[in-house]
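An overview of the molecular structure
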Amino acid sequence: MHHRAFVVLILVAHLAGCTLTFDTGGVAFEEPRRDASADVPDTDRDPVDPPDEGDDAPDLPDDDTGPKPVDGLGELCGIDAPFCVPEDRENWPACAHAQCQADLGADALCLFATSPFGYCTKPCTADSQCQGDLRDPFSASMRCATGDGGDGYCVPGSQTPCVEDEPCPDAEVCKLARTVFPGGLNLGRVCQTRTRGGVEPGEPCVDDPRRSSDDVLRLCANDFCFDDICAAFCDPDTATDSTCGKADLACRNDYLEFLDFSTLRRTTPPDAGLCLPRECASPDACEGPESLCTPGLTVRPVGEAESGVCRADNPASRGSRGLGAACLEEGTAQHDACGSRYCAGFPPNFYCSTLCDTDDDCGEDQLCAVETLVDNNGRYFSRICRYALGSKTRCDRNSDPACAEGELCAPFVFGDVVENGTKLATARAEGRCVEPVQGGVISGNACGQQECIAPDACVRFRGDDTPRCVTVCGNGFHCEGFDACLAQAIFISGEDTDDGEDLILGICSM
């Protein structure tokens, strides 16, 4: 549950056939307005705030001389849920190619690389065979890129090799694109025409119609929509704080360590960088007004403390549940359900969380408290937003008058995480009034596979291999139905605190 990684899908083009016809249905696209006479498919919804095409649209010729536009060339193609999706291995990507073959013939392809959407193309031997619609800057930029044998495909833009956007001509950006190399189609970093209506690095994006919350797709100009945020290529050797355009983005060349991106690993030089969310150890490191420091997108390196990346929620994408919201679906914690991309807790009590410094970093029904975690690298501590539905008043027993009716006294650990997450400083344990966890284990019963009704109250006693749910107490009179109040129960041992002192709290014992 605590091992996270970016997962980025490379979509590889094949030449298999399919009879499906492309239909965007009710999905709209944020793309430039086109001339009213242009052949634009109708949608059920108008795009939201589409950018104006302005002076980028080429002028139409005054006569009929020159190559005639090829119908369908450069048109959008790709995922068409639920009929044509990457998970359907028997039909994908043949079903995407079929969307182009209706207009361009059996040899047509849908070319894409870092997005489930691409453009329609066909084989060619000369630029004259690649004349797209002159009213559309993307289609109008198509040219014939050929390999050694003189055969190639129609592609958009100059195809100039690039490391970042700077060397690209106007209206082009640096893409990891499927283009024509000696030996056929391959992947490479080249300048290509901006994707229609595409937004800039750091802007929110949605390039999967199944994730859109309002049936509008927001594509990136360079097709790099990573976890709902537009990324971009950059040069780590020359990058500055302003290179990536957003305060919470940084030019990083360590992305191969956490991106599940095998094709990119093979085709991208080690010195290539990507503008991606920058690392953080706490929310103070994030400059965006709505940015969270979420561990849900990273993997904790061996010997290092829990860390995260700065991420702002994208409300246009499904998976925007707020901090404290339930994120258990079909018995599994769903990180993607949360705007923070981090679903914490223990069955059956899973909730959206994030790294925190104070309670103000958390949701209304949470406290910023210490969690003890175990992963493949060992045990460590992390300060995250914990479940605390209720008054959160300080208490020392379930019957404490400070607690509202129906609340119980749950144990929480507070303090600063130090020394790579292996120790706590200024640590303390105390009870807080919270509402019981629905479906949690009753106090006194065995736990370990399920949360107690009092969160974080599953304790293992010496001499007993079975952990049990406990109740906070101040003395023996607080423990009706139990044997005694252990006033010196150790929650965190001295070897895990910077002052060497055990962290204790009274609990009722059987």
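Calculation rules
- Residues numbered from 1 in each chain as written.
- Predicted model: local features only at pLDDT ≥ 70, side-chain atom pairs only at ≥ 80, totals over all residues.
- Heavy atoms only, no water.
- Helix = DSSP H or I, 4+ residues; strand = E, 2+ residues; numbered from the N terminus.
- Buried < 20%, exposed > 50% of the residue type's maximum accessible area, 1.4 Å probe, protein only.
- Contact = heavy atoms within 4.5 Å.
- Areas by Shrake-Rupley, 256 points an atom, 1.4 Å probe, with all protein chains shown as cover.
- Phe/Tyr/Trp six-rings, centres within 6.5 Å; stacked < 30°, edge-to-face > 60°.
- Lys NZ or Arg CZ within 6 Å of the ring centre and 35° of its normal.
- Pairing = 2+ DSSP bridges.
- Axes fitted to C-alpha atoms, helices over the stretch in contact; angles between N-to-C directions.
- Disulfide = S-S within 2.5 Å.
- Polar contact = N/O pair within 3.5 Å; in protein donor to acceptor, adjacent residues only side chain to side chain.
- Salt bridge = Lys/Arg side-chain N within 4 Å of Asp/Glu carboxyl O.

A word on the overall build of the protein
Assigned secondary structure in the protein consists of three helices and 33 strands. The burial tally for the protein puts 51% of its 510 residues in the buried class. Of all intrachain contacts in the protein linking residues separated by at least 6 positions in sequence, the fraction that spans at least 24 positions is 58%. Within the structure as shown, the protein displays about 23,600 Å² of accessible surface, and the carbon and sulfur contribution to it stands at 46%.

Regarding the environment of Asn445
By secondary structure assignment, the location of Asn445 is in the loop between strand 29 (423-434) and strand 30 (458-459). Taking relative accessible area as the criterion, Asn445 reaches 40% and is therefore assigned partly exposed. Asn445 sits 13 residues away from Cys458 along the chain, and the two C-alpha atoms are 9.4 Å apart. Excluding its chain neighbours within four sequence positions, the residues that come into contact with Asn445 are Pro467, Arg468 and Cys469.

Here's the deal with the packing of aromatic side chains
For any pair of aromatic rings, the description consists of the separation of the ring centres together with the inter-plane angle of the planes. Evaluation of the coordinates by the stated rule reveals six aromatic pairs. Between the aromatic rings of Phe412 and Phe414, the centroid separation amounts to 6.3 Å while the plane-to-plane angle is 25°, which identifies the pairing as stacked. Looking at Phe412, the relative accessible area reads 2%, which means it is buried. Following the ring pairs from residue to residue traces out a cluster consisting of Phe224, Phe226 and Phe233. Directly above the ring of Phe233 sits Arg189, whose terminal nitrogen or CZ lies 5.5 Å from the centroid.

Re the sheet that holds strand 14 (residues 232-234)
Taking strand neighbours across the sheet as the criterion, the three strands line up as 14-17-15 in an open arrangement whose pairing is antiparallel. Edge positions in the sheet fall to strand 14 and strand 15 (249-252), since each of these pairs with one other strand and no more. This sheet shows a mean twist of 40° between the axes of neighbouring strands, independent of strand direction. With four bridges connecting them, strand 15 and strand 17 (residues 273-277) associate as antiparallel partners. Across the sheet, residue Arg252 finds its bridge partner in strand 17, namely Leu274.

Remarks on helix 1 (residues 94-104)
With nine of eleven residues buried, helix 1 lies mostly within the body of the structure. Taken together, the buried positions of helix 1 are occupied by Ala94, Cys95, Ala96, His97, Ala98, Gln99, Cys100, Gln101 and Leu104. On its buried face, helix 1 is in contact with strand 3 (76-78), strand 4 (109-111) and strand 5 (117-121). Looking at the residues trailing helix 1, positive phi occurs at Gly105, about 100°.

A word on the sheet that holds strand 20 (residues 308-312)
Pairing is antiparallel across the open sheet formed by three strands, whose spatial order is 18-20-19. Every other strand in the sheet has two partners, leaving strand 18 (279-280) and strand 19 (291-294) as the edge strands with one partner each. Two strands pair when backbone bridges link them, and strand 18 and strand 20 are joined in this way by two bridges, in the antiparallel orientation. Following the sheet pairing, Glu279 is matched in strand 20 by Val309.

A few points about the pairing of strand 20
Where burial is concerned, most of strand 20 is hidden: four out of the five residues are buried. Relative to strand 20, strand 19 is paired through four bridges, and the arrangement is antiparallel. Bridging across to strand 20, Leu292 finds its partner in Arg311.

Quick notes on the state of the cysteines
All chains considered together, the criterion is met by 21 disulfides. The disulfide partner of Cys162 is Cys174, and the gap between their sulfur atoms is 2.1 Å. On the sign convention where negative is left-handed, the bridge of Cys162 and Cys174, at about 90° about the S-S bond, is right-handed. Of this pair, Cys162 sits in the loop between strand 8 (152-156) and strand 9 (172-181) while Cys174 sits in strand 9, and the two are twelve residues apart along the sequence. For the residue pair Cys162 and Cys174, the accessibility class agrees, reading buried in each case. Residue pairing for Cys280: its cysteine sulfur links by disulfide to Cys293, the two sulfurs lying 2.2 Å apart. Measuring the twist about the S-S bond at about 105°, one finds the Cys280-Cys293 disulfide to be right-handed. You can see Cys280 sitting in strand 18 and its partner Cys293 sitting in strand 19, a full 13 residues away along the chain. Taking relative accessible area as the criterion, Cys280 reaches 5% and is therefore assigned buried. Residue class for Cys293 comes out buried when judged on its relative accessible area of 0%.

A look at the side chain of Asn222
Relative to the elements of secondary structure, Asn222 occurs in the loop between strand 11 (216-217) and strand 12 (225-226). Side-chain polar atoms of Asn222 contact the backbone nitrogen of Phe224, separated by 2.9 Å.

Some words on the pattern of salt bridges
Applying the stated criterion to the full structure yields 24 salt bridges. Notably, a salt bridge pairs Asp214 with Arg218, separated by 2.9 Å at the nearest N-O pair. With a shortest N-O distance of 3.6 Å, Asp228 and Arg311 are connected by a salt bridge. Separated by 83 residues along the polypeptide, Asp228 in the loop between strand 12 and strand 13 (229-230) and Arg311 in strand 20 bring together distant segments of the chain.

Here's the deal with the side chain of Thr294
When you line up the elements, Thr294 lands in strand 19. Of the residues examined, Thr294 reaches a relative accessible area of 0% and is grouped as buried. If sequence neighbours within four positions are ignored, Thr294 has contacts with Cys280, Gly308, Val309, Arg311, Ser340, Arg341, Tyr342 and Thr354.

Topic: the environment of Thr422
The topology assignment puts Thr422 in the loop between strand 28 (408-418) and strand 29. Accessibility expressed as a relative area gives 38% for Thr422, which makes it partly exposed. Between the C-alpha atoms of Thr422 and Asp496, which are 74 residues apart in sequence, the distance is 6.7 Å.

This is a description of form; function is not addressed.
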